[in-house]
Amino acid sequence: MIWILQTAIGGLSTGAVYALVAMGFSIVYRTMGLVNFAHADVVMIGAYVTVTFFLTAHLPFGVSLLAAILITGALGVVIERVLRPLESRDLNLMLIGTIGFGIVLESLAILIWGSFGTAVPTPIPNLPLRFGGLVVTTYQLLILAVAGAVTALLFWFLDRTKLGTAMQAVAMDRVAATAMGVDVAASNALAFAVGSGMAAVAGALVGPLLYVSPGMGASIGVKGFAAAILGGFGSIPGAIVGGLVFGLVEAFSSGPLSAYSDLITFVVFALAMTIRQTGIFGERTVDRA
Amino acid sequence: MGAAAGGLVVENLSVSYGQVAAVRGISFSVPDGGSLGIIGANGAGKSSTLKALFGLVDSRADTMAFQGVSLRSLPPHRIVTLGIAYVPEGRRIFPGLTVRKNLLMGAYRQPWRRLDGRMERVYELFPGLKRFDRTPAGALSGGQQQMLAIGRALMSSPRLLVLDEPSMGLAPVLIDDIAGVLRRLREQGVSMLLVEQNAKLTFGLTDRCVVLENGRVVEEGSSAALRDDPGVRRIYLGM
Ligand SMILES: Nc1ncnc2c1ncn2[C@@H]1O[C@H](COP(=O)(O)OP(=O)(O)OP(=O)(O)O)[C@@H](O)[C@H]1O
Ligand SMILES: [Mg+2]
């Protein structure tokens with residue numbers, strides 16, 4: 001019984017990171033109908049920038065994280081701006097453009113930080129806390145708290161601010177939103193910035209769990225991507241649920257069968273997708289009229 | 001042709017989709033405070049004309065100006081700032097946003113903290129909408145959505161209201177309701193460009209009308225005169 005709870009806590013904390021990555025995919029997809037394949041590498045850049053400020057510049061972790069959010073946010077704006085001319089011509093071209101951007105980011109990371117990874121210590125002492133027989137580490141709690149706070153902030157932004165409301169309106173009907181006075185291109189750039197900022201948070205949190213390396217985007221990105229699909233691509237609640245479910249399945253399969261954990265996780269994923277092709281929350285198609 | 005500097009002036013407007021010519025060199029104008037109806041059958045080019053005004057499709061024109069300002073000189077999202085508001089075909093409300101937020105989006109270009117009772121005035125015009133204030137707009141009936149689409153457009157306090165088939169798919173009672181609201185707006189001095197297949201409704205709401213067929217203007221004149229024109233009566237009023 002304790003074992004189940006124990007595993008669940010571990011699964012939820014990695015799942016929270018997948019959820020952050022998935023939300024970043026989804027916020028861009030729901031506004032533009034575009035899968036941003038550079039997103040995984042933005043996670044990696046976010047991890048590196050945080051590590052650089054935190055370990056090399058010796059800034060507090062919170063400040064490093066904030067700096068990483070701002071830098072990747074700006075990077076998101078750059079990606080949207082560079083690829084924007086492709087949008088009106090063919091969205092598939094833009095999609096390929098994001099793949100290209102990902103490759104550029106990886107090469108850039110190798111140039112700046114070298115091709116070998118860095119082991120990163122946890123930003124706070126990683127102490128075990130005992131609740132009865134249950135052991136929760138302080139870093140797991142930090143991940144859950146930060147991911148929860150960022151998610152709440154995203155909901156507040158979308159629901160309570162004018163720009164967020166406009167971003168939702170664009171996702172629902174870009175033509176009507178334009179006629180109301182919304183600059184759709186600017187709104188798209190903002191969606192990229194928000195998604196990329198969330199990628200930085202995911203990267204910073206996952207750094208101490210993995211090795212921070214130029215190739216780290218591939219593994220975390222694929223899981224975040226799969227989590228987004230599982231939840232229903234483009235749905236924000238779907239991304240959260242998808243991320244958590246993904247983390248849980250992974251945690252439960254890695255206990256007894258750790259060598260096959262990824263395999264089992266993706267088989268479960270594939271089965272879930274054959275049963276419900278639109279994902280858990282998926283129903284709407286993105287408006288591109 | 002409309003040499004008036006005020007109001008909306010469109011001269012020689014054409015819209016094509018690839019090889020398909022949807023609008024072929026039409027001219028019309030809506031004087032400040034006045035109204036114009038554009039009637040025509042399916043595919044006549046009515047919606048394409050309106051989309052051209054808002055820069056939502058590529059178009060060519062010798063003149064396309066409102067209050068002397070060329071509509072082509074602005075990006076599409078700035079056109080509403082000239083005082084033109086659009087009620088698109090098929091309502092196109094934001095289904096996942098509440099009724100209140102849909103209305104707020106109509107005033108996107110204004111500071112939301114200083115709307116000076118605009119929302120109250122819209123609710124006064126459409127009393128049936130008020131109790132759905134916090135309801136997602138997608139849950140409303142077709143008639144309510146049409147009212148919301150008109151209300152949303154009014155939130156920008158437009159000088160010219162542009163409507164694309166507001167009667168489409170609505171029961172006669174609801175059409176009467178909407179006609180009543182449009183008449184009130186006309187009395188308040190709001191100019192109107194009304195696109196419709198429902199000729200009877202349009203003649204009753206506008207000063208002048210043009211009849212569009214295959215992207216060309218085939219008839220134009222005062223609404224009263226067109227209503228009595230035997231040819232127009234036969235084709236568009238079915239009598
Ligand atoms: N996006 C498009 N691509 C290609 N052809 C189009 C497009 N939109 C409209 N058309 C064509 O242009 C012509 C005019 O269409 P438009 O929508 O302006 O007509 P309408 O008068 O508004 O018709 P309705 O009463 O059915 O709304 C039609 O022949 C239509 O098939
Ligand atoms: Mg039409």
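No experiment lies behind these values; they were computed from the predicted model shown.

Trainee: Residues and numbers for the site of ligand 1, please.
Mentor: Residue and element names in this part refer to chain B. Lining the immediate surroundings of ligand 1 are 13 residues, of which Gly43, Lys46, Ser47, Ser48 and Glu89 lie closest. Between ligand 1 and asparagine 42, the relevant distance is 2.9 Å, taken from an oxygen atom to a side-chain nitrogen or oxygen of the residue. One of the side-chain nitrogen or oxygen atoms of lysine 46 is found 2.7 Å away from an oxygen atom of ligand 1. When ligand 1 sits alone it has 630 Å² of accessible area, and the protein chains cover 62% of it.

Trainee: If you had to explain the packing of aromatic side chains to someone new, which residues and values would you point to?
Mentor: Tallying each qualifying case throughout the model produces 10 aromatic pairs over all chains. Seen from their ring centres, tyrosine 18 of chain A and phenylalanine 246 of chain A are 6.1 Å apart, and the 85° between their planes marks the pair as edge-to-face. On the criterion of sequence distance, the pair formed by tyrosine 18 of chain A in helix H1 (residues 2–32) and phenylalanine 246 of chain A in helix H10 (residues 236–254) is long-range, its members being 228 residues apart. Owing to a relative accessible area of 6%, tyrosine 18 of chain A belongs among the buried residues under this scheme. Seen in terms of ring centroids, phenylalanine 37 of chain A and phenylalanine 225 of chain A are 5.6 Å apart; in terms of plane orientation they differ by 55°. Their pairing is tilted. Taken together, the positions of phenylalanine 37 of chain A in the loop between H1 and helix H2 (39–56) and phenylalanine 225 of chain A in helix H9 (residues 216–231) put the pair 188 residues apart, joining distant regions of the chain. Phenylalanine 37 of chain A sits in the partly exposed class, given a relative accessible area of 33%. Taken together, the ring pairs connect Phe25, Tyr29, Phe37, Phe225 and Phe233 of chain A into an aromatic cluster. Here the guanidinium or amino end of lysine 162 of chain A rests over the ring plane of tyrosine 108 of chain B, the centre of that ring lying 5.4 Å away. It is arginine 152 of chain B that lies over the ring of phenylalanine 94 of chain B; its NZ or CZ is 4.9 Å from the centre.

Trainee: A description of the coordination of the magnesium ion (ligand 2) should follow, citing residues and the corresponding values.
Mentor: Residue and element names in this part refer to chain B. Within the first shell, the magnesium ion (ligand 2) binds the protein through Ser47 (OG) and Glu89 (OE), at distances of 1.9 to 2.3 Å. Of this pair, serine 47 sits in helix H1 (residues 46–53) while glutamate 89 is found in the loop between strand E6 (84–87) and helix H2 (99–106), placing the two residues 42 residues apart along the sequence. Residue serine 47 is classed as buried on the basis of its relative accessible area of 13%. Look at glutamate 89 and you get partly exposed, because its relative accessible area is 31%.

Trainee: An account of the environment of phenylalanine 28 of chain B is requested, with residue identities and associated values reported.
Mentor: Residues and elements named next belong to chain B. When you line up the elements, phenylalanine 28 lands in strand E2 (residues 20–30). According to the relative accessible area criterion, phenylalanine 28 is buried, its value standing at 7%. The spacing of phenylalanine 28 and leucine 8 is 20 residues in sequence and 8.3 Å in space, taken between C-alpha atoms. Apart from residues no more than four positions distant in its own chain, phenylalanine 28 is found in contact with Leu8, Val9, Val10, Leu36, Ile38, Thr49 and Leu193.

Calculation rules
- Residues numbered from 1 in each chain as written.
- Chains lettered and ligands numbered in written order.
- Predicted model: local features only at pLDDT ≥ 70, side-chain atom pairs only at ≥ 80, totals over all residues.
- Heavy atoms only, no water.
- Near = heavy atom within 4 Å.
- Polar contact = N/O pair within 3.5 Å; in protein donor to acceptor, adjacent residues only side chain to side chain.
- Areas by Shrake-Rupley, 256 points an atom, 1.4 Å probe, with all protein chains shown as cover.
- Phe/Tyr/Trp six-rings, centres within 6.5 Å; stacked < 30°, edge-to-face > 60°.
- Helix = DSSP H or I, 4+ residues; strand = E, 2+ residues; numbered from the N terminus.
- Buried < 20%, exposed > 50% of the residue type's maximum accessible area, 1.4 Å probe, protein only.
- Lys NZ or Arg CZ within 6 Å of the ring centre and 35° of its normal.
- Donors = N, O, S within 2.8 Å, 3.2 Å for Na, K, Ca; no water.
- Contact = heavy atoms within 4.5 Å.

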